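So the chains spell out like this:
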Amino acid sequence: MAKIKLEYIWLDGYEPTQNLRSKTKVEEHENFKGTLEELGNWSFDGSSTKQAEGGSSDCLLVPVAIYPDPTRINGWLVMSEVMYADGTPHPSNGRATIDDDNDDFWFGFEQEYFIMDTKTQLPLGFPVGGYPAPQGMYYCSVGGKNTHGRKLVEEHADLCIAAGINFEGINQEVACGQWEFQLFAKGAKKAGDEIWVARYLLDRLTEKYGYYIEYHPKPLGDTDWNGSGMHANFSNTVLRTCGDQATYERICEAFRPVTAEHIAVYGAYNDQRLTGKHETASIHDFSYGVSDRGCSIRIPLMTVQKGWKGWLEDRRPASNGDPYKIAARIIKTVKSAL
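Please read all numbers here as calculations on a predicted model, not as lab measurements.

> I'd love a proper account of the sheet that holds strand β2 (residues 20-29), names of residues and values included.
With mixed pairing, the five strands of this open sheet are ordered in space as β2-β1-β5-β4-β3. Looking at which strands have only one partner, the edges of the open sheet turn out to be β2 and β3 (42-45). Geometrically, the sheet is characterised by an average inter-axis angle of 40° between neighbouring strands, direction not taken into account. Across the sheet, helix α2 (residues 188-205) touches β1 (2-11), β2, β4 (58-68) and β5 (75-83), and the angle it forms with β5 is around 120°.

> Explain α2 residue by residue, including any values.
Helix length check: α2, at 18 residues, gives a terminal C-alpha distance of 26 Å against a target of 26 Å (1.5 Å per residue), a fit within 8%. Most of α2 sits inside the fold, with 15 of its 18 residues counted as buried.

> Run through the environment of proline 16, naming residues and quoting values.
As for its placement among the helices and strands, proline 16 is situated in the loop between β1 and β2. Residue classification places proline 16 among the exposed residues on the basis of a relative accessible area of 57%. Taking the C-alpha atoms as reference, proline 16 lies 9.0 Å from tyrosine 269; in sequence the two are 253 residues apart. Beyond its immediate sequence surroundings of up to four residues, proline 16 is in contact with Ala268 and Tyr269.

> Now, about helix α4 (residues 245-255): what can you tell me, with residues and values included?
Regarding α4, the residues found buried are Thr247, Tyr248, Ile251, Cys252, Ala254 and Phe255. Projected down its long axis, α4 carries its buried residues within an arc of 155°, all on one side.

> If you had to explain unusual backbone geometry to someone new, which residues and values would you point to?
In this chain, glutamate 15 is followed by proline 16 through a cis amide linkage whose omega measures 5°. Despite not being glycine, lysine 50 shows a phi value in the positive range, around 60°. Structurally, the position occupied by lysine 50 is in the loop between β3 and β4. Of note in this structure, tyrosine 269 is not a glycine but carries a positive phi near 65°. Following the sequence through the fold, tyrosine 269 ends up in the loop between α5 (259-264) and β11 (288-290).

Here is what the cut-offs are and how they apply
Residues numbered from 1 in each chain as written. Predicted model: local features only at pLDDT ≥ 70, side-chain atom pairs only at ≥ 80, totals over all residues. Heavy atoms only, no water. Pairing = 2+ DSSP bridges. Helix = DSSP H or I, 4+ residues; strand = E, 2+ residues; numbered from the N terminus. Axes fitted to C-alpha atoms, helices over the stretch in contact; angles between N-to-C directions. Contact = heavy atoms within 4.5 Å. Expected span 1.5 Å × (residues − 1). Buried < 20%, exposed > 50% of the residue type's maximum accessible area, 1.4 Å probe, protein only. Arc of directions from axis to C-beta.

The values reported here are purely geometric and, on their own, carry no functional implication.
Next comes the structure, spelled out in structure tokens:
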């Protein structure tokens, strides 16, 4: 028998932006294979996470995905849904709203973020009381003058890959101290699971560096610095195979009348980022276009070159958005057009 460390991870009930929570259960297992079938439900004090009242505080943690924990001996990361005691989904449970049981929808999320110094409360590379050189030389840069935080970013990439997450890439972003990683998954729920576990690994990793991650979409306020998004690349069988421009345009047009519904779940404070500047469309407008990063939805050039067979990119989601809720809303809109 071996002692197994199971790190149950869930989303709390804080608004407007939920936080990751986790706690460890140590169990004895013989020949543990790392499957969901080997795991049991657990509970937590919902009154401490804004998910229950003190008089009836138990909430259930129901495992939905499991990954090896690359930093622990005999450790596993267990992504969990929050349920009421009767087994019904808690209102904070965005995963339960996804209508994609057959995994027809594929998602690729591009997660941008700022690495912050806990001592200065500023992005890496920012001097106290001032600013570094203006934007221009940071994007995909190399060298100590313009590149800040690479050691953390590289270690995070290795952890995600070791955990079995379908990690697809990293790059420094436009602003100083700003980075991005990309994930892809077949199935909206799996895509959300992997973004949240990747965020968990990133947040936990900062503890040994003296950093923290800022997911606010515009942490530097109304300045000439880029904000952070989480662009959502998506497709289903129709988008991957239709070969028809009219079908693509019909799907894009289906997003127009529900713009407010999308913005409502695309992340708090996104109005500060979606200004029509810094590679964004205005939050007050809706637009789409081929190879246009200033549109709400970009039709990738590769999709057109392949005869209108591919995917779309919604550029509006903020870096602090919940990928479960974002995917759920996109799926609902795409299905309404078919």
